[in-house]
Amino acid sequence: MLESDAKFTIFPRQIKDQESRFPTCFLSFRHTMLKVPEHQVAGHQALGGHLGPLIDDSGRFYKPLQGDERGSKEMSFYTSFSSNTRVPEHIRRFFPVFHGTQLVEASDGSGRKPHLVLEDVTSGQFKPCVMDIKIGSRTWYSESSEDYIQRCLKKDMETSSLSLGFRISGLQVYGNKESEVWKPERKVVQKLDADEVRLVLKRFVSSDPSPDLESNPDCCYASSVYGGSTGILAQLLELKAWFEDQTTYHFNSCSVLMLYEKKPLLPKKGGSSAAEVKLIDFAHVTEGKGVIDHNFLGGLCSFIKFISEILTNPDEQSPRACSQYSDKNGGATENGAAESK
Ligand SMILES: Nc1ncnc2c1ncn2[C@@H]1O[C@H](COP(=O)(O)OP(=O)(O)OP(=O)(O)O)[C@@H](O)[C@H]1O
Ligand SMILES: O=P(O)(O)O[C@@H]1[C@@H](O)[C@H](OP(=O)(O)O)[C@@H](OP(=O)(O)O)[C@H](O)[C@H]1OP(=O)(O)O
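Not measured: the values here are computed from a predicted model.

Colleague: Even after reading the chapter, I still don't get the pairing of strand β2 (residues 60-64), so can you show me in this structure?
Modeller: If a strand is regular, its side chains alternate between the two faces of the sheet. In terms of burial, β2 is largely enclosed, as five of its five residues are buried. Strand direction decides the pairing type here: strand β1 (residues 54-55) and β2, joined by two bridges, are antiparallel. Its bridge partner lying in β2, Leu 54 is registered against Tyr 62. In this structure, the hairpin formed by β1 and β2 is closed by a connection of four residues, where Gly 59 is found at a positive phi of approximately 95°. Judged from the five bridges that link them, β2 and strand β4 (residues 112-119) form a sheet pairing that is antiparallel. Looking across to β4, one finds that Lys 63 is bridged to Leu 116.

This is how it looks when you write it as structure tokens:
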């Protein structure tokens, strides 16, 4: 039995019809115009007739439930988490609000399909800077199939996951110039080494993120975004304290999403930037069975060290230029779009 009040079980699959696999209490219809999210930085994307998430104008993010067990796993997680009285209130804010599931027209034209209805965490932001960081030195878990374990192992070894305990899955950073956005190729940022990751984390909080500049990034937003009592570092430390205690869930292959809105003027010293940390992607969450999620905790600690070192030494010269990824579609672009899966 789980230590939580909520049952953390996968919904049964007695009924084959995909729409019927999900409890009717979660199904509802809202007739609204859905569109492809402009600020998505990783994951399956709805562009080009693929199946991917959609958003509406009221601040909701519709993530299609994947037909295999990933969909039921993610819904099972949100259902369990929503009613788990052991989750402290101050920790809930790190998770997108869950509004149940809904049948909506899928982006790949395959008809109405069940989607998770989540809070759109970028809603209302004009120039959101977003980074998706997949946490953990391993993205597989013992319950996975042999084939899945092999695929994950290969990817973990080829990317920074194994060496750093996390990999950057994707990002976008706005510059101060109107409509300039840096959205480097995902395959490249996943494989950066420690120096390059440090440089990207600096560019994320700089006035001009453009990778072809000779100068070091100015990090002029570092103290207001990463620092301060409500900044990214403080939030990550709060999350870390929870992970040192919680043993209900193992967050395999989950991501930390960092976001803040780029404003042309610098916030006053010590002023808040309304930077946020969110946890997303729960398609591979498993039961913690009373054991600390050391894979996630280790990766989180490693990521925290990168952020805190930037705050301590923002002016430290980065030993390497990022030519590796600036050469490969990494330059600042006009409304650059990430590639879709
Ligand atoms: N609640 C949300 N609000 C706004 N954007 C979101 C939200 N959840 C996810 N995103 C965006 O969508 C991207 C992919 O999300 P997620 O990892 O959940 O999808 P996925 O298709 O399961 O990914 P993967 O293929 O890595 O398993 C994130 O990087 C982020 O940009
Ligand atoms: O194709 P799948 O089975 O949906 O698995 C995806 C995988 O394709 C994807 O890799 P890539 O297409 O970006 O190379 C993985 O994303 P990362 O690159 O961030 O690792 C996804 O994580 C895979 O999905 P899942 O994690 O559910 O296995």
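On we go.
Colleague: What exactly am I supposed to notice about the environment of Asp 218 here?
Modeller: If you trace the backbone, Asp 218 turns up in the loop between α6 (194-203) and α7 (222-225). Taking C-alpha positions, Asp 218 is 29 Å from Gly 136, a pair spaced 82 residues apart along the chain. Among residues more than four places away in sequence, those in contact with Asp 218 are Ser 206 and Ser 207.

Colleague: How should the site of ligand 1 be read in this particular structure?
Modeller: Neighbouring ligand 1 are 23 residues, the closest being Ala 42, Gly 43, His 44, Asp 132 and Asp 281. For the shell around ligand 1, the elements supplying multiple residues, two or more each, are β2, β4, β5 (128-135) and β9 (255-261). Classifying every residue of the shell around ligand 1 gives twelve nonpolar, six polar and five charged.

Colleague: Help me out: how do you make sense of the packing of α6 against helix α9 (residues 294-312) in this one?
Modeller: For any two helices packed against each other, the geometry is given by the interaxial angle and the distance between the axes. Running from N to C, α6 and α9 cross one another at 60°; their axes reach a closest spacing of 10 Å. By the angle between their axes, α6 is oblique relative to α9. α6 and α9 meet at a crossing whose hand is right-handed. The residues of α9 that touch α6, namely those facing Val 197, Arg 198, Leu 201 and Lys 202, are Phe 306, Ile 307 and Ile 310. Among the residues forming the contact of α6 with α9, the class breakdown is five nonpolar, no polar and two charged.

Calculation notes
Residues numbered from 1 in each chain as written. Chains lettered and ligands numbered in written order. Predicted model: local features only at pLDDT ≥ 70, side-chain atom pairs only at ≥ 80, totals over all residues. Buried ≥ 20, exposed ≤ 12 C-beta atoms within 10 Å, placed from the backbone. Helix = DSSP H or I, 4+ residues; strand = E, 2+ residues; numbered from the N terminus. Pairing = 2+ DSSP bridges. Contact = placed C-beta atoms within 7 Å. Near = placed C-beta within 6 Å. Nonpolar A, V, L, I, M, F, W, Y, C, P; charged D, E, K, R; others polar. Axes fitted to C-alpha atoms, helices over the stretch in contact; angles between N-to-C directions. Parallel < 35°, antiparallel > 145°, perpendicular 65-115°, else oblique. Left-handed = near helix turned anticlockwise from the far one by under 90°.

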